[in-house]
Amino acid sequence: MSVKELEKSATLEHAGDGHFHGDGILGEQFETLEQQNTSYLIGMWAFIVQEVLFFGAIFTAYAIYRFKYVLEFTLAHHELSVPIGTLNTFVLLFSSYTMARAVRAAMQNRHKKQAFYLLLTFLFAGVFMVNKYFEYGAKFEHHLFPGGDYDAHTIVEHAEKKGELRVAEENGKEVYELGKTRDGQFTVFKKVTPEEFEQRTRLFFGFYFVMTGLHGLHVLVGMIIIAILIGRAWIDHMKNKPVADYMPVEMTGLYWHLVDIVWIFLFPLLYLIGR
Amino acid sequence: MATATYTGTDKPNYLNWKTTVASWLLTYDHKRIGILYLVTISIFFALGGLAAAMIRMELATPKGDLLTSDVYNKMFTAHGVIMIFLFLIPSIPAVFGNFALPLMIGARDVAFPRLNLLSWYFFTAGALCVLVALFRGGIDTGWTFYTPYSSSFAKGEVSLAIVGIFLAGFASIFTGINFLVTIHKMRAPGMTWFRLPLFVWAMYATSLIQVLGTPVVAITLLLVAVERSFRIGIFDPNLGGDPILYQHLFWFYSHPAVYIMILPAMGVISEVISAFSKRRVFGYHFVAFSSLAIAIIGFLVWGHHMFSTGQSMYAGIVFSFLTWIVAIPSAIKTFNWMATIWKGRVHWETPMLYALGFMGLFVIGGLTGLHLAAMATNVHLTDTYFIVAHFHYVMVGGGIMGYLAALHFWWPKMTGRMYPEGWGKLAALLVFVGFNLTFFPQFILGYMGMPRRYHSYPEEWAVLNVLSTAGSSVLGLGYLLPLIYLTWSLKYGKVVTERNPWGARGLEWELVDTPPDPHNFERTPIVTRPAYDYNHPEEPTGFVPKPRPVVVGGKDG
Ligand code: HEM
Ligand SMILES: [Cu+2]
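This is a predicted model, so every value here is computed, not measured.

A.B. asks: Before we go on, may I ask you to explain the overall build of chain B in this structure?
C.D. replies: The helix and strand tally for chain B stands at 17 helices and four strands. Its C-alpha atoms give chain B a radius of gyration of 24 Å, near enough to 24 Å, the size a compact globule of 557 residues would have. Considered along the principal axes of its C-alpha atoms, chain B spans approximately 80 × 50 × 50 Å. Across the 557 residues that make up chain B, the buried fraction comes to 61%. Considering only intrachain contacts with a sequence separation of at least 6, the fraction spanning at least 24 residues in chain B is 79%.

In structure tokens:
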């Protein structure tokens, strides 16, 4: 092969074997579209497995401490807003639905419809992030972000009001008694020093911010990819392209469902249990 | 630029058909990405080696006179972090996996060439973070980053180093995903699973570990960085955390990670042993499945690093038992290699010398692993120089010997030049002798109780330490030689134009030009024979089909 031919073959796929090279969709390294598509799918699933282990490790750590410090964590749970969490759960579930519709539209080469559903997905994701913003904001306001000015007072006050914590004194030192009030009678389950209480609730919020933060980062990345896909679908629509590669949407769909599933686990583990 | 593309008269190859810097830094060609990795990790090997030299020089005398204990701590940390995360983990997979694996299975490239390049950029970015952390005062946590020291006490840019390892980790995950898919989907017609060269099987097992293990250490180290920044008590007991949890999560990756370092080397040894004994690898199926077995069992033994750090005794018993089990597939491989050489027509070229060296050293490393896996002996030996000797026998005697075997074996294919055989043999000999001289005394030192990670020691251990330091200079010379003569050979080495200078079997030797065509094969080859079919020298492993005439207006035209 001469240089000229080489360069040509590099740009026009490595053809010459009479295969269909699908409108520039088929990557140079592949023989058939079927091979390319299943490669992308296996690759995406491998990536998802990787994500499961990534989140799995931190879920494990969370589970251990939730078990170890169950009373402290329960009180900290109460500071999270169930309405916002529920709203966000539904928002993400809907976004998964619209994403599935977008994938379907892409498979049928209905570019406009695809762009429309992707846009909806993008908007839902946006709503999710805005909610998160307000949620995080409220935590900062109450000094519940585990930074320099972390302060467990809010938790203590709320818990006192609900009769799940009592401030007492032991050997001239302040202690928190954690327990339950039934029929006006307070039963003590566990005594902790204010420092311990502060550390352990701080740990809870540490997990909360790391886990939801990593998840939020995944949502943001997803939004960027979806925005690009919207642009591509719209261009395909304007150009009236008969066939477009649906794999990018399919793979983004898989990714998006993963993001959704992670939230489906985060929501009960952080917001719901212990109520 | 006129010189941007190839203007010579010979057939252009992947090295010279484009020569601009951009054509290298933006290449999607798996062979070029392999070379990029080769150059990058060679730099880190040199840096890590420098740190090792400092360590050995300090230990040449019992008194801590060359380095303060503080600098010494930084030195062994730099050595460990660089050698493990920036050299051994990417070494064979990213260099020879990239260069050779697609050729071996008859593919034009890996499944995801762009991800492949991204992997190199992630790796380089991560490596730069680590380097910055080291040059801005260094870190002294050890490569294991044990908490609470790393999370609450250590000074310096620990978090930056962690970010660097995080990035390099994702580079490794990308490589793993790429090879998994490549092996599943990119095999040429006729290249069935049981016709695959054993290097490919080893790479498959390695990729599984990379994908399943690396994310865990990534998030774990990230949590250490978070704990450092926000004082959240995940791992520090003073803050309510649990350091044992850190060790569980760390070793859940880092034990399997030792198999990321050794399995590809084992794959290389299978290739080299059969090529230089001119025999099919004995017990092909056993060797193939033992790679998978090692990968799977390797995930169940991490607790053997925690026998004496507070893990429950009952957990220890289980981990001890499982650790012994993992030695079985390793032994299967070793016996099968020996059976391959047995009655083979052995050729004593450099790659074969390294392969033989591997077998001897790996056996010692693996057997001492069994000593360590017994809980009672472990209590005596843990955290001593016995550990240091054990893991150097496997990682250096195994991993790096395999790497050097691969480097010499595929060098003519990669560069179109032969390395000087005499110098190669000399270096292999120096490495073997120097290695044993350096690390064997450390077994004895460890047995006598010399702890690891201290910069001074009592007088009575001086002799063995001097031996070890002397050995390390021989070993250093052994490593320096290839660096020199391989670079030299790029310009002055004997030109290799024939496809198969070793007379080996395999698509990369029989059907690929030397150096390879940018597209590897003119057309996708068709494989007709199993791997290592030395019994039928007249029948090629596969062939490149003639172009099909294009039928216009035909049934599918
Ligand atoms: C037959 C196989 C093997 C067995 C049974 C084995 C067993 C062990 C055991 C029980 C320990 C823990 C000792 C302690 O800390 O008290 C250990 C440490 C270690 N092993 Fe192995 N091992 C084997 C193979 C390997 C291989 C193939 C590698 C690397 C390529 C390796 C690298 C290491 C390293 C790096 C450490 C020490 C880590 C540290 O504490 O810094 N081992 N091995
Ligand atoms: Cu281990």
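A.B. asks: Mind showing me how you'd approach the overall build of chain A here?
C.D. replies: Tallying secondary structure elements over chain A gives eight helices and three strands in all. When the elements of chain A are put in sequence order from the N terminus, they spell out α-α-α-α-α-α-β-β-β-α-α. Relative to its length of 275 residues, chain A is extended, with a C-alpha radius of gyration of 26 Å against a globular reference of 19 Å. With the C-alpha coordinates aligned to their principal axes, the bounding extent of chain A is approximately 90 × 35 × 30 Å. Intrachain contacts of chain A at a sequence separation of at least 6 include 68% that bridge at least 24 residues. Accessible surface computed for chain A: about 13300 Å², of which carbon and sulfur atoms make up 64%.

A.B. asks: Just to check I follow, could you spell out the coordination of the copper ion (ligand 2) for this structure?
C.D. replies: Reference values for angles at a metal are 109.5 degrees in the four-donor tetrahedral case and 90 or 180 degrees in the six-donor octahedral case. Residues and elements named next belong to chain B. The protein atoms donating to the copper ion (ligand 2) are His255 (ND1), His304 (NE2) and His305 (NE2), with metal-donor distances spanning 1.9 to 2.0 Å. Sequence positions of the donors to the copper ion (ligand 2) reduce to the motif H-x48-H-H. A relative accessible area of 6% places His255 in the buried class. The class of His305 is partly exposed, set by a relative accessible area of 29%.

A.B. asks: I keep staring at the pairing of strand β3 (residues 185-192) of chain A and nothing clicks. Help me out?
C.D. replies: Consecutive side chains along a regular strand alternate between the two faces of the sheet. Residues and elements named next belong to chain A. With seven bridges joining them, strand β2 (residues 173-182) and β3 adopt antiparallel strand pairing. Bridging across to β3, Leu178 finds its partner in Lys190. Remark: two residues form the turn of the hairpin made by β2 and β3, two consecutive strands paired antiparallel; Asp183 in that turn has positive phi of roughly 50°.

A.B. asks: What exactly am I supposed to notice about the coordination of the iron atom of ligand 1 here?
C.D. replies: Counting protein donors around the iron atom of ligand 1 gives one, His390 of chain B (NE2), at 2.2 Å. In this fold, His390 of chain B is placed in helix α14 (residues 385-415).

A.B. asks: How do you make sense of the interface of chain B and chain A when you look at a structure like this?
C.D. replies: A common measure of how large an interface is: the accessible area buried when the components associate. Taken together, the contact pairs 52 residues of chain B with 43 residues of chain A. Contact between chain B and chain A buries roughly 4000 Å² in total, counting both sides, with carbon and sulfur atoms accounting for 68%. Interface area lost by chain B to chain A is led by Arg108, Lys185 and His519 of chain B, which between them contribute 16%. At the boundary of chain B and chain A, one finds 14 residue pairs in polar contact (both at pLDDT 80 or more).

A.B. asks: I'm lost on the packing of helix α2 (residues 33-68) of chain A against helix α7 (residues 158-185) of chain B in this one. Help?
C.D. replies: In a pair of packed helices, the angle between the axes and the distance between the axes together describe the arrangement. Where α2 of chain A contacts α7 of chain B, the axes come no closer than 9 Å and their chain directions differ by 140°. Helix-helix and strand crossings are classified by hand; for α2 of chain A and α7 of chain B the assignment is right-handed. Between α2 of chain A and α7 of chain B, the residues in contact are Gln35, Thr38, Ser39, Ile42, Gly43, Ala46, Phe47, Gln50 and Phe54 of chain A and Phe166, Phe170, Ile173, Ile177, Leu180, Val181, His184 and Lys185 of chain B, respectively. For the contact of α2 of chain A with α7 of chain B, the residue count by class is ten nonpolar, six polar and one charged.

A.B. asks: Would you mind going over the pattern of salt bridges with me for this structure?
C.D. replies: If charged atoms from side chains of opposite charge come close, those side chains can pair. All names here are of chain A. Scanning all chains against the criterion turns up 16 salt bridges over all chains. With its nearest N and O atoms 3.2 Å apart, the salt bridge here joins Glu135 to Lys132. Of this pair, Glu135 and Lys132 both sit in helix α5 (residues 111-141), separated by three residues, roughly a single helical turn. Across this residue pair, the class does not change: Glu135 and Lys132 are buried.

A.B. asks: Would you mind showing me how to read the sheet that holds strand β1 (residues 165-170) of chain A here?
C.D. replies: Backbone hydrogen bonds are what pair the strands of a sheet, in a parallel or an antiparallel way. Residues and elements named next belong to chain A. Read across the sheet, three strands follow the order β1-β2-β3 without closing on themselves; strand pairing throughout is antiparallel. What marks the edges here is a single partner per strand, and that holds for β1 and β3. For this sheet, the mean angle separating the axes of adjacent strands, direction not counted, is 40°. By the bridge criterion, six bridges tie β1 to β2 in an arrangement that is antiparallel. By the bridge assignment for β2, Glu170 is matched with Lys173.

A.B. asks: Please explain the confidence of the model for chain B as it appears in this structure.
C.D. replies: The predicted coordinates should not be examined in detail at positions where pLDDT is low. Looking at chain B as a whole, its pLDDT mean stands at 95, while 97% of the residues score no less than 70. Confidence estimates for the predicted assembly give a pTM of 0.93 and an ipTM of 0.93.

A.B. asks: In this structure, what is going on with a nonpolar patch on the surface? I would like to understand it.
C.D. replies: Residue and element names in this part refer to chain A. Nonpolar side chains collect at one region of the surface, where Phe90, Leu93, Phe94, Tyr97, Ile261, Ile264 and Phe265 lie side by side and expose about 700 Å² of accessible area between them. Of all the secondary structure elements, the ones that give two or more residues to the nonpolar patch are α4 (82-107) and α8 (247-272). Relative to the helices and strands, Leu93 resides in helix α4. In this structure Leu93 comes out as partly exposed when scored by relative accessible area, which is 37%.

A.B. asks: Honestly, the side chain of Asn178 of chain B in this entry has me stumped. Any pointers?
C.D. replies: All names here are of chain B. Topologically, Asn178 is positioned in helix α7. Relative accessible area serves as the criterion here: at 1%, Asn178 is assigned to the buried category. Excluding anything up to four places from it in sequence, Asn178 contacts Val110, Ala111, Phe112, Leu115 and Asn116.

A.B. asks: How should I be thinking about the packing of aromatic side chains in this particular structure?
C.D. replies: For any pair of aromatic rings, geometry is given as the distance between the ring centres together with the angle between the planes. Residue and element names in this part refer to chain A. Under the criterion given, the structure shown has 71 aromatic pairs over all chains. Here Phe30 and Tyr40 contribute two aromatic rings whose centre-to-centre distance is 6.2 Å and whose plane-to-plane angle is 70°, an arrangement assigned as edge-to-face. You can see Phe30 sitting in the loop between α1 (3-11) and α2 and its partner Tyr40 sitting in helix α2, a full ten residues away along the chain. Summarising the burial analysis for this pair, Phe30 and Tyr40 share the class buried. When the ring of Trp263 is compared with that of Phe267, the centres are 6.5 Å apart and the planes differ by 20°; the resulting orientation is stacked.

A.B. asks: Which parts of the structure should I look at to understand the site of ligand 1?
C.D. replies: All names here are of chain B. Taken together, 20 residues sit near ligand 1, with Asn378, Thr382, His390, Phe391 and Arg452 positioned nearest. Separating a nitrogen atom of ligand 1 from a side-chain N or O atom of His390 is a distance of 2.8 Å. Within the side chain of Arg452, one N or O atom sits 2.9 Å away from an oxygen atom of ligand 1. Those elements giving two or more residues to the shell around ligand 1 turn out to be α9 (243-277), α12 (350-373) and α14. Broken down by class, the residue content of the shell around ligand 1 amounts to eleven nonpolar, eight polar and one charged.

How each quantity is defined
Residues numbered from 1 in each chain as written. Chains lettered and ligands numbered in written order. Predicted model: local features only at pLDDT ≥ 70, side-chain atom pairs only at ≥ 80, totals over all residues. Heavy atoms only, no water. Helix = DSSP H or I, 4+ residues; strand = E, 2+ residues; numbered from the N terminus. Rg over C-alpha atoms; globule rule 2.2 N^0.38 Å. Buried < 20%, exposed > 50% of the residue type's maximum accessible area, 1.4 Å probe, protein only. Contact = heavy atoms within 4.5 Å. Areas by Shrake-Rupley, 256 points an atom, 1.4 Å probe, with all protein chains shown as cover. Donors = N, O, S within 2.8 Å, 3.2 Å for Na, K, Ca; no water. Pairing = 2+ DSSP bridges. Buried area = accessible area lost by both parts, 1.4 Å probe. Polar contact = N/O pair within 3.5 Å; in protein donor to acceptor, adjacent residues only side chain to side chain. Axes fitted to C-alpha atoms, helices over the stretch in contact; angles between N-to-C directions. Left-handed = near helix turned anticlockwise from the far one by under 90°. Nonpolar A, V, L, I, M, F, W, Y, C, P; charged D, E, K, R; others polar. Salt bridge = Lys/Arg side-chain N within 4 Å of Asp/Glu carboxyl O. pLDDT = per-residue confidence, 0-100. Patch = residues over 30% accessible without salt bridge, like charges linked within 9 Å, V, L, I, M, F, W, Y side chains within 5 Å. Phe/Tyr/Trp six-rings, centres within 6.5 Å; stacked < 30°, edge-to-face > 60°. Near = heavy atom within 4 Å.

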